[in-house]
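# Descriptive structure summary
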Amino acid sequence: MAKNSEELKQKIKTKKDKVKTKAAAVKKEIKQAVGKAKQNSRAVTSNRLKLLVTIVGRNKAEFYADLIQSFDVNMQMIALATGTANERMLGLLGLTDNEKAVLFSVVREEKINDAIHVLGEKFKTIKDGKGVAFTIPLTSVIGTLIYGFLSNNRTVVKEK
């Protein structure tokens, strides 16, 4: 009886070894297949997006929209606005115009610092080109195609 139990233990050990060997071979095949798939596919980049809000005078809105466009911005919206100061306050400050435009631009995070720096320089150097600019982080976007459009990333593909 002891001989049979030893034979049984040996058979079980042999089967376990075969299963482990087979599992290792399957893992290796999976790794190779994943590696090939990664080489052949175009992956979505992990660039985060931010909403750049720029408030400028209406007469300079198109200039600033074109300037921001140079930072690979694929979507912008311009909304007309009015400043909050009343006529008396504008007169005291020597300002004549309270008509504003608010530009909403979706920009990749890697380009934000350059965009803010250039906007700051233009606010200082252009006549009647004063403005305010700030960013709001976008935490999520629905769909890879929308993300690809907003980030101006042409390599994003729809997964099947």
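The following refers to the structure shown.

### Some details on the overall build of the chain
Looking only at helices and strands, one finds five helices and four strands in the chain. Beginning at the N terminus, the succession of helices and strands in the chain can be written as α-β-α-β-α-β-α-β-α. When the 160 residues of the chain are sorted by exposure, 23% land in the buried category. Look at the contacts in the chain between residues 6 or more apart in sequence, and 76% of them connect residues 24 or more apart. Counting every atom, the chain has about 12200 Å² of accessible surface; 56% of that belongs to carbon and sulfur.

### Examining the nonpolar core
The biggest cluster of nonpolar side chains holds 17 residues, and the ones touching the most others in it are L52, Y64, I68, L103 and L119. For this core, the secondary structure elements donating two or more residues are β1 (49-57), α2 (61-69), β3 (99-108) and α4 (109-125). In this structure, L51, V53, V106 and Y147 belong to the second largest nonpolar core, which totals seven residues.

### Quick word on a nonpolar patch on the surface
Together, V26, I30 and V34 line one region of the surface with nonpolar side chains, adding up to about 240 Å² of accessible area. In this structure, V34 sits in helix α1 (residues 2-40). The exposure class of V34 is partly exposed, given its relative accessible area of 40%.

### With respect to the packing of aromatic side chains
Applying the stated criterion across every chain yields a total of two aromatic pairs. The interplanar angle of 75° and the centroid separation of 5.2 Å between the aromatic rings of F63 and Y64 together place this pair among those described as edge-to-face. For F63, a relative accessible area of 37% translates into the label partly exposed. Judged by its relative accessible area of 0%, Y64 is buried. Considering the side-chain rings of Y64 and F123, the 5.4 Å spacing of their centres and the 55° angle between planes classify their relative orientation as tilted. Here Y64 is found in helix α2, whereas its partner F123 is found in helix α4, with 59 residues between them in sequence.

### Quick notes on the sheet that holds strand β4 (residues 131-137)
Across the sheet, four strands lie side by side as β2-β3-β1-β4; this open sheet has antiparallel pairing. Both outer strands of the open sheet, β2 (76-82) and β4, are each paired with one neighbouring strand and no more. Adjacent strand axes in the sheet meet at a mean angle of 20° when their direction is disregarded. Summarising the sheet, β1 and β3 pair through nine bridges and their orientation is antiparallel. When the bridges of β3 are listed, T54 appears paired with L103. Taken strand by strand, α2 contacts β1, β2 and β3, and its axis lies near 5° from that of β3. The sheet contacts of α4 involve β1, β3 and β4, and relative to β1 the element is tilted by about 10°.

### Some points on the pattern of salt bridges
If you walk through the whole model with that rule in mind, you get four salt bridges. The salt bridge partner of R58 is E99, with a shortest N-O separation of 3.8 Å. One end of the pair, R58, is in the loop between β1 and α2; the other, E99, is in strand β3, and 41 residues separate them in sequence. Classification of E99 as partly exposed rests on a relative accessible area of 38%. Across the pair R108 and E110 runs a salt bridge whose closest N-O atoms are separated by 3.6 Å. Accessibility expressed as a relative area gives 13% for R108, which makes it buried. Among the residues examined, E110 registers a relative accessible area of 48% and is labelled partly exposed. Within the structure, one salt-bridge network assembled from shared partners comprises D72, R108, E110 and K111.

Conventions and cut-offs
Residues numbered from 1 in each chain as written. Predicted model: local features only at pLDDT ≥ 70, side-chain atom pairs only at ≥ 80, totals over all residues. Heavy atoms only, no water. Helix = DSSP H or I, 4+ residues; strand = E, 2+ residues; numbered from the N terminus. Buried < 20%, exposed > 50% of the residue type's maximum accessible area, 1.4 Å probe, protein only. Contact = heavy atoms within 4.5 Å. Areas by Shrake-Rupley, 256 points an atom, 1.4 Å probe, with all protein chains shown as cover. Core = buried A, V, L, I, M, F, W, Y, C linked by side-chain atoms within 4.5 Å. Patch = residues over 30% accessible without salt bridge, like charges linked within 9 Å, V, L, I, M, F, W, Y side chains within 5 Å. Salt bridge = Lys/Arg side-chain N within 4 Å of Asp/Glu carboxyl O. Phe/Tyr/Trp six-rings, centres within 6.5 Å; stacked < 30°, edge-to-face > 60°. Pairing = 2+ DSSP bridges. Axes fitted to C-alpha atoms, helices over the stretch in contact; angles between N-to-C directions.

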